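# Chains, contacts and geometry: an overview
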Amino acid sequence: MNTEKRVLGLNKLSLYIKEFLTKNIEDYNENDVEFQQIIKKSEIENPWFTFDNQKYALQQWSELLTENNIKKWIGNYSPSKTQKKVGLILAGNIPLVGLHDVISVILSNHIPLIKLSSKDRLMLPFLLKKWQEFADGEIEFEFVERLENFDAVIATGSNNTARYLEYYFKNHLSIIRKNRTSIAVLKGDETEEELKLLAKDIFQYFGLGCRNVTRVFIPHDFVIDRLFESFLDFKEIINHNKYANNYDYNRAVYLLNQDKFWDNNFVMLKEDEKLFSPLSVINFSRYSGLDEVKEFITENEENIQCIVAKDELEIESIYFGEAQNPGLNTYADNVDTMKFLEII
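My aim in this report is to walk through the structure given alongside it, one point at a time. (Residues numbered from 1 in each chain as written. Predicted model: local features only at pLDDT ≥ 70, side-chain atom pairs only at ≥ 80, totals over all residues. Heavy atoms only, no water.)

### Description of the overall build of the protein
Helix and strand content of the protein: 12 helices and 11 strands. In summary, the protein has a C-alpha radius of gyration of 21 Å against a globular reference of 20 Å for 344 residues, a match within 12%. C-alpha atoms of the protein, sized along the principal axes, occupy 60 × 50 × 40 Å. Per-residue burial over the protein gives 50% buried out of 344 residues. Surface accessibility of the protein: about 16,900 Å² in total, with carbon and sulfur atoms responsible for 46%. (Helix = DSSP H or I, 4+ residues; strand = E, 2+ residues; numbered from the N terminus. Rg over C-alpha atoms; globule rule 2.2 N^0.38 Å. Buried < 20%, exposed > 50% of the residue type's maximum accessible area, 1.4 Å probe, protein only. Areas by Shrake-Rupley, 256 points an atom, 1.4 Å probe, with all protein chains shown as cover.)

Below you can see the structure in the form of structure tokens.
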């Protein structure tokens, strides 16, 4: 195993992505044209993967995969001395959502057997092929339609799918991930800029990620209009056909049921205790004291991916605008993937 080559290759991949994102089309070489075509084809196959959303995901990864970041991350773990095959059943809700698992398996000295999501089947193979080139062939991976002959598995799916996966893989070492979502807790004195950053946490990737905020806690005297004002930078979201279909459907349901909701023609706010909200809807509730918020967090801990709030609220949280910018040591469902890969 040549960890150094793998790390340097991954860093070269990040630099390659960064260079591509800064180029003008007229300056593209043959590799750049292929990269551009992959992005276009991905959007055609999955309209949720817009060109801008794919570029945003690529930008985040290019900034994250520096040599220093990677070495600092893996320095906390010991690569396995025995190479195993790890099955990966990847999600496809947002672009490159499964890349972290693939990187984790390879840098742990294992071989990932990758079952791609049908919603995201083009970009990952392209990037892994590039990483392999940049690492002088020092990484191994396989793409499979069906998992066979594996030593452990990491799978992501809906709550219903997870029950099936837990049963199917009951005799194997596994991490089975379920549905999660994220919340925001407002103190009430947030600035206009902070609320605009919260809008990013809500609307980035159309709100399809587990790190997207779907429930907001606000003080009793908070003026709802402040939220709507902060959302305006994302008003063009309604021009996306699939998002608009969700918005129209949910609005029609609320009107038929005579539910109370607030509407600004591209997103709805609904006073609701539920953690999860339909796409194009943000649930909110007013609180009198933080104790009731903390009680809700404790009761729903297994369903909450992250919390967006000010540090001064003394809730374990991240700052506004950072929900879709997790670090390498941030793990889905808060289960340390690298620790798991150490012991298989």
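Structure shown, so let's carry the discussion forward.
### Structural notes on the pairing of strand 4 (residues 152–156)
The element strand 4 is largely enclosed, with a buried count of 4 among its 5 residues. For strand 1 (residues 85–89) and strand 4, the ladder comprises 4 bridges, and the chain directions are parallel. Residue Ile-89 lies in a different strand from strand 4, and its bridge partner there is Ala-155. Of the crossover connections in this fold, the one passing from strand 4 over helix 7 (residues 159–168) to the parallel strand 5 (residues 173–177) is right-handed. (Pairing = 2+ DSSP bridges. Right-handed = clockwise from strand over helix to strand, strands pointing away.)

### With respect to unusual backbone geometry
Positive phi values are uncommon outside glycine, yet Leu-96 reaches one of about 60 degrees. Examined against the element boundaries, Leu-96 turns out to sit in the loop between strand 1 and helix 5 (99–107). Look at Asp-333: it is not a glycine, yet its phi comes out positive at around 60 degrees. The residue Asp-333 is located in the loop between strand 11 (304–308) and helix 12 (337–343) in this model. Accessibility expressed as a relative area gives 13% for Asp-333, which makes it buried.

### Here we look at the packing of helix 1 (residues 3–22) against helix 4 (residues 67–74)
Look at helix 1 against helix 4: their axes get within 9 Å of each other, and the N-to-C directions meet at 140 degrees. On the basis of the axis angle, helix 1 is oblique to helix 4. Of the two possible hands of crossing, helix 1 and helix 4 adopt the one that is right-handed. Of the residues in helix 4, those touching helix 1 at Thr-3, Glu-4, Val-7, Leu-8, Leu-10 and Asn-11 are Glu-67, Ile-70, Lys-71 and Ile-74. Its residues assigned to classes, the contact of helix 1 with helix 4 shows 5 nonpolar, 2 polar and 3 charged. (Axes fitted to C-alpha atoms, helices over the stretch in contact; angles between N-to-C directions. Parallel < 35°, antiparallel > 145°, perpendicular 65-115°, else oblique. Left-handed = near helix turned anticlockwise from the far one by under 90°. Contact = heavy atoms within 4.5 Å. Nonpolar A, V, L, I, M, F, W, Y, C, P; charged D, E, K, R; others polar.)

### Focus: the packing of aromatic side chains
Inspection of every chain in the model, using the stated rule, returns 20 aromatic pairs. Ring geometry for Phe-203 against Phe-266: centres 6.1 Å apart, planes inclined by 50 degrees, an arrangement best described as tilted. Remark: Phe-266 occurs in the loop between strand 8 (262–263) and strand 9 (268–271) and Phe-203 occurs in helix 8 (residues 192–203); sequence separation between them is 63 residues. Assessed through its relative accessible area of 5%, Phe-203 is described here as buried. Ring centres of Phe-228 and Phe-231 lie 6.3 Å apart, and the angle between their planes is 80 degrees; on these two criteria the pair is classed as edge-to-face. A residue pair is termed a helical-turn pair when its members lie 3 or 4 positions apart in one helix, as Phe-228 and Phe-231 do in helix 9 (residues 225–231) at 3 residues. Using a relative accessible area of 11% as the deciding quantity, one classes Phe-228 as buried. Within the aromatic cluster, the residues linked to one another by ring pairs are Tyr-16, Phe-20, Tyr-28, Phe-35, Phe-126 and Phe-134. (Phe/Tyr/Trp six-rings, centres within 6.5 Å; stacked < 30°, edge-to-face > 60°.)

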